[in-house]
Number of protein chains: 4
Amino acid sequence: MNDATPTGPRSTGIAPRSGVSRFAALRREITSPTLSFLMEAHDGLSAKIVEEAGFRGVWASGLTTSAALGLRDSNEASWTQVLDQLEYMADATSLPILVDGDTGHGNFNNVRRFVRKLGERGLAGVCIEDKLFPKTNSFIGEGQALADIEEFCGRIKAGKDSQVDDGFVLVARVEALIAGHGMAEALRRAEAYHRAGADAILIHSKRSTAEEILAFARAWDNRAPLVIVPTMYYATPTSVYREAGISTVIWANHLLRSAIVAMRETASRIAEDESLMRVEGQVASVKEVFRLVGNAELEEAERRYLPARPSVGAVVLAA
Amino acid sequence: MNDATPTGPRSTGIAPRSGVSRFAALRREITSPTLSFLMEAHDGLSAKIVEEAGFRGVWASGLTTSAALGLRDSNEASWTQVLDQLEYMADATSLPILVDGDTGHGNFNNVRRFVRKLGERGLAGVCIEDKLFPKTNSFIGEGQALADIEEFCGRIKAGKDSQVDDGFVLVARVEALIAGHGMAEALRRAEAYHRAGADAILIHSKRSTAEEILAFARAWDNRAPLVIVPTMYYATPTSVYREAGISTVIWANHLLRSAIVAMRETASRIAEDESLMRVEGQVASVKEVFRLVGNAELEEAERRYLPARPSVGAVVLAA
Amino acid sequence: MNDATPTGPRSTGIAPRSGVSRFAALRREITSPTLSFLMEAHDGLSAKIVEEAGFRGVWASGLTTSAALGLRDSNEASWTQVLDQLEYMADATSLPILVDGDTGHGNFNNVRRFVRKLGERGLAGVCIEDKLFPKTNSFIGEGQALADIEEFCGRIKAGKDSQVDDGFVLVARVEALIAGHGMAEALRRAEAYHRAGADAILIHSKRSTAEEILAFARAWDNRAPLVIVPTMYYATPTSVYREAGISTVIWANHLLRSAIVAMRETASRIAEDESLMRVEGQVASVKEVFRLVGNAELEEAERRYLPARPSVGAVVLAA
Amino acid sequence: MNDATPTGPRSTGIAPRSGVSRFAALRREITSPTLSFLMEAHDGLSAKIVEEAGFRGVWASGLTTSAALGLRDSNEASWTQVLDQLEYMADATSLPILVDGDTGHGNFNNVRRFVRKLGERGLAGVCIEDKLFPKTNSFIGEGQALADIEEFCGRIKAGKDSQVDDGFVLVARVEALIAGHGMAEALRRAEAYHRAGADAILIHSKRSTAEEILAFARAWDNRAPLVIVPTMYYATPTSVYREAGISTVIWANHLLRSAIVAMRETASRIAEDESLMRVEGQVASVKEVFRLVGNAELEEAERRYLPARPSVGAVVLAA
């Protein structure tokens, strides 16, 4: 499906940055009139799997990247720890990645450092939400405090002024509906963020139906591209989003959630059986792991860059 | 199954170090006369899953920790990048972790820095193999170069002299069989490593049956605990290892391998359907993700340490 | 002056943690009735110099650690980037280190993660100040916002509950005088922080005389040890602090400030002369650099752990 | 002298990457027919001082960067720890930086990862030496082992194939003279490295006069630019290098060495006096520290991006 991953011209075992810019590619996905999809990844391996499945962009989820590390979605990892994980993802895939930037990790100054470093590492865009550092996951509790609008607009402007590539995408996430402030406040904020320079608006909802989102979309009337995250209102047919003129749908956390089930079953089975027999045929082969991470490229590179190896019998000196 | 994880006395969202020492716990697993099992983990989340499945120890695999990052098993991540991932694992579980230390990341001096830092971060033991930095996965190619015995013994001694806790376990991995040097060389190396201070010997094989391993075990005659990794000879019944007096079996990479299959299926399904409908019921719930990473502890801590929150209507000042 | 540095029992090139606990040592300095002094360091090398000068404790300054990296004292480095720099310091000296923890890098939860990680890496104590993240240096601007007292007490409690050693010292820094809130507010805050569990109070002032500090000390009447930072009121004789019953004086930034002058002069001289001639005799020798970082220990360790090296003429294989 | 530092258009507190490429700037310094000078820096602050002194390029010394961390010049820091320190330098100055890359941190594969990451972080070039990982400082011991020529040429090719900008400079450092292999071997290696793609040759010597270097230069006859490091033969007049057609002189470690003397004197003085009185006038002012790290830019940015601050009396909610 994706010839590029194992066989492409990766001179370093790191997916190439050059060629079609990932910044431009993400911008195209977000701004094109047709509906786009971003698929969640939480590490380098899951990013590769997203690419092989044929998606054209990755959502680097804050929730799942934290959870994979064993952490809560409350800024327990520092922004540079997050950056390190994101860099593995960017190196593992040639797809553009939209980063879940939480609140931007502090004030405008932290945002501009974060945005600058994202760009240098090849991350194509960031989404920041109008809450305060340290954040709490949107699906937890009621009535979380929102940022002052003007202060948050400062974060947006600072982020845009710090991008290393004109194509870099900054998405402003409106939490007003989730926090219980109503539609008018959500629209007021979206408009302010748009005028502050946000390239798109992510309107978030934790309702089990899309009504609230669709009402927002109608009132918003495509003043800027709209991004949605149908984690809670998953049963809504995608055609509805197309008709509503939504720009981008994020499938926000499902790879990690499927991995949990699989790993738990595998761990239980091995624990019970004290044996691999029932498991062996059900899991990917070691060879397939080698393929996924690109061992073929390394072998090819060894032929290019390494002298012929000493034969087994040769005296081997310590490194 | 494991009450400790979500409800235990974790004052920081980090599993406690105190109480029964993890160093002592790993030592007991490795040295006890009964057969022990270590289950692979590659990040904080999979370490939690190992704990919940009832295992008493974790194998932090070099292959799968690298692969999760999207990297090859060839020391592409630096030793401190590896250390960072290991620290997430140590913080996510209260189980003792045996670390796959590859070749020790250089010479004796690199080994002692690595061992010292592992101990400080609560990793209970390390396994180092008698090859040269940078390493190649044992299942790749033929006749990989081995380290000079005396030089490798220096790495073992240096490691043992650098442990921060007397219970820290250093396992020496013998690659002589895999590299095609034969049984006599394997035994000669095991004996040398044992005398240099290794707490246990890991004898590795890539044959599809356990014959070679069992022959080694007979000749070795329990001079020190034996650890095995039946990835290739998975069909051997575990009773055989018990009879052979093996100390510890490592299930080395199966959680990652099962996650790959699950994530690939989920990604494909969502890509095809452009919908979450078929996937939603098959994956862990968001609430279950919250439980796994210990959100309950954080909520409890907020009640203890945070003043009552301002109500929704309050003026919110920027951080 | 300090035999321990180059010749001590450092099996890893990292100063030993064992023996007399650094936690206990810092606690003794802070709580003893005699006046103690902590000297600023900003990296491993300056920490070694503090030790060789005979000081019994190090102040890891936020201002100078940031400035050495080229950053401003405004939480531009993430808390884990700071932690990395602190770990180099802890490894470079056997002295106890009191860490300038700024505001604690967020809320109570960030504080407890920071405190836990400090302890694991051998940092003996932390000072946190009653301002908001991200911080601004105390000597900049007027009327900086202070933290809510109750919220800051939550940070103190959370920090104390997360220490890995009973000796760990948490100092609460009162910014009320600097922020213009007056003596009564400063005392009210100090009392609250003390009751919340702070081991000592740092009372900060930016006046050019010590009057304000001394008035505070009189009113405080040693309810808990007092720490001061006479950067601005440097001309006050130290005998005054002894008489006032001050516990600890921090010389907060002078090594970096002296290094700036020296490096600037050296750089200018070499730039003008296009020659090292005038500089060579004025700077430390390369051999002295080797001594400071402990090369002797490494050479000794090579004799212990490395086989005799191949002679120059031997065939050398690639690592 | 350098208006750019405190007043330039640095939107993030990070020196801008755009404008004249630093890759091109370093290439020009190394390849131009006139003699160029690179001045050592070991952290962000010293890099700023190099820039303010009027130099046109920075040498990020392995010896002094390690020593500043308190480490020995023996690859005790991992390559990503080194990278983190280099990134601070690159962010602190707009000058091009030539990185002392030691041996490249392993084999060809480690070199290509290192080179790729250097480029992404704005480091303009790297120098790698023909020894084995882990390295030993060139001024220590006799007859250090050299790399196999063909293997080292593989590292050079791999590095050049991994550069992110055509201007990136790779300098190959020949250790043959220092290791006692003589002039013919040095020339043979230089020629091989040049043909493998090195942009320049660094010929290193530990003699106290420049004779050996000059003899090499004559024989080399400018087949590629020559770089030298007159640390040991410091008394040679620079005019001699101009006449010999040397391309670039590296003043390799003198800022750190001058800082050591200054910090030691300051520490001793404060320890003896228990007072800052003698020291205060001799060190840079706190205000000067603020200027050096660019506080003015941050204050200006606050006016641009932050809403007017709440007045002192306002209720302040916790972040």
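So, how was this worked out
Residues numbered from 1 in each chain as written. Chains lettered and ligands numbered in written order. Predicted model: local features only at pLDDT ≥ 70, side-chain atom pairs only at ≥ 80, totals over all residues. Heavy atoms only, no water. Helix = DSSP H or I, 4+ residues; strand = E, 2+ residues; numbered from the N terminus. Rg over C-alpha atoms; globule rule 2.2 N^0.38 Å. Buried < 20%, exposed > 50% of the residue type's maximum accessible area, 1.4 Å probe, protein only. Contact = heavy atoms within 4.5 Å. Buried area = accessible area lost by both parts, 1.4 Å probe. Salt bridge = Lys/Arg side-chain N within 4 Å of Asp/Glu carboxyl O. Pairing = 2+ DSSP bridges. Axes fitted to C-alpha atoms, helices over the stretch in contact; angles between N-to-C directions. Patch = residues over 30% accessible without salt bridge, like charges linked within 9 Å, V, L, I, M, F, W, Y side chains within 5 Å. Areas by Shrake-Rupley, 256 points an atom, 1.4 Å probe, with all protein chains shown as cover. Lys, Arg positive; Asp, Glu negative; His and termini not counted. Charge placed at Lys NZ, Arg CZ, Asp CG, Glu CD. pLDDT = per-residue confidence, 0-100. Expected span 1.5 Å × (residues − 1). Least-squares fit on C-alpha atoms with pLDDT ≥ 70 in both.

Student: I'd like a description of the overall build of chain A, backed by residues and values.
Tutor: Within chain A, the regular secondary structure consists of 14 helices and eight strands. The C-alpha atoms of chain A give a radius of gyration of 22 Å, which matches the 20 Å a tight globule of 319 residues would have. With 319 residues in all, chain A has 70% of them scored as buried. Residue pairs in contact within chain A that sit at least 24 positions apart in sequence constitute 74% of those at least 6 positions apart.

Student: Could you give me a rundown of the interface of chain D and chain C, with the residues and numbers involved?
Tutor: If you look at the interface, chain D gives 92 residues, while chain C gives 92 residues. For the pair chain D and chain C, the two sides together bury roughly 8000 Å², of which 67% comes from carbon and sulfur. On the chain D side of the contact with chain C, Arg72, Tyr88 and Met263 of chain D bury the most area, a combined 10% of that side's loss. The tally of links between chain D and chain C comes to ten salt bridges.

Student: Quick one: what's the story with the sheet that holds strand 6 (residues 200-203) of chain C, residue by residue and with numbers?
Tutor: Paired through backbone hydrogen bonds, the strands of a sheet run either parallel or antiparallel to each other. Residue and element names in this part refer to chain C. Pairing is parallel around the closed barrel formed by eight strands, whose spatial order is 1-2-3-4-5-6-7-8. The sheet shows a mean angle of 25° between the axes of neighbouring strands, direction not considered. Sheet analysis places strand 3 (residues 97-100) next to strand 4 (residues 125-129), joined by three bridges and oriented parallel. Each bridged residue has a counterpart across the sheet, and for Leu98 the counterpart in strand 4 is Gly125. Along the sheet, helix 8 (residues 182-196) contacts strand 5 (169-174) and strand 6; its crossing angle with strand 5, the most-contacted strand, is approximately 160°.

Student: How would you sum up a negative patch on the surface? Please name residues and give values.
Tutor: The grouping of Asp84 of chain A, Asp84 of chain B, Asp84 of chain C together with Asp84 of chain D at the surface amounts to a negative patch. Turning to its location among the elements, Asp84 of chain A is positioned in helix 5 (residues 79-92).

Student: Explain the confidence of the model for chain A to me, using residue names and the numbers behind them.
Tutor: Residue and element names in this part refer to chain A. With 90% of its residues at a pLDDT of at least 70, chain A reaches an overall mean of 92. Note on residues 1-11: pLDDT is under 50 here. Beyond four places in sequence and across chains, it has 25 contacts. Of the regions scoring below 50 in pLDDT, residues 310-319 engages in 20 contacts with residues more than four places distant in sequence or in other chains.

Student: Quick one: what's the story with the sheet that holds strand 4 (residues 125-129) of chain B, residue by residue and with numbers?
Tutor: Residues and elements named next belong to chain B. Pairing is parallel in the closed barrel, where eight strands are placed in the order 1-2-3-4-5-6-7-8. When the angles between neighbouring strand axes are averaged without regard to direction, this sheet yields 25°. The sheet contacts of helix 8 (residues 182-196) involve strand 5 (169-174) and strand 6 (200-203), and relative to strand 5 the element is tilted by about 160°.

Student: Describe helix 11 (residues 254-273) of chain D, and please don't skip the residues or the numbers.
Tutor: The first and last C-alpha atoms of helix 11 of chain D sit 29 Å apart over 20 residues, in line with the 28 Å expected at 1.5 Å per residue. Downstream of helix 11 of chain D by a residue or two, Glu274 of chain D has a phi angle that is positive, lying close to 50°.

Student: Explain the relation of the copies chain D and chain C residue by residue, including any values.
Tutor: If you rotate chain D by 180° and push it 0.0 Å along the axis, it lands on chain C with an RMSD of 0.0 Å. As the rotation angle and translation indicate, the two copies are arranged about a two-fold axis. The position closest to the rotation axis in chain D is occupied by the C-alpha of Ala259 of chain D, lying 2.3 Å away. The overlap is high: 100% of the interface residues of chain D also sit at the interface in chain C, so the same surface is used on both sides.

Student: I'd like to hear about unusual backbone geometry, residue by residue, with values.
Tutor: Most peptide bonds take the trans form, and the phi angle of most residues other than glycine is negative. Backbone torsion omega between Phe133 of chain B and Pro134 of chain B reads -10°, so that peptide bond is classified as cis. Structurally, Pro134 of chain B can be placed in the loop between strand 4 and helix 7 (149-161). Of note, the phi angle at Asn222 of chain B is positive, near 60°, even though the residue is not glycine. One can find Asn222 of chain B in the loop between helix 9 (211-220) and strand 7 (226-228). One non-glycine residue, His105 of chain D, lies in the positive phi region at around 70°. Checked against the element boundaries, His105 of chain D lands in the loop between strand 3 (97-100) and helix 6 (108-120).

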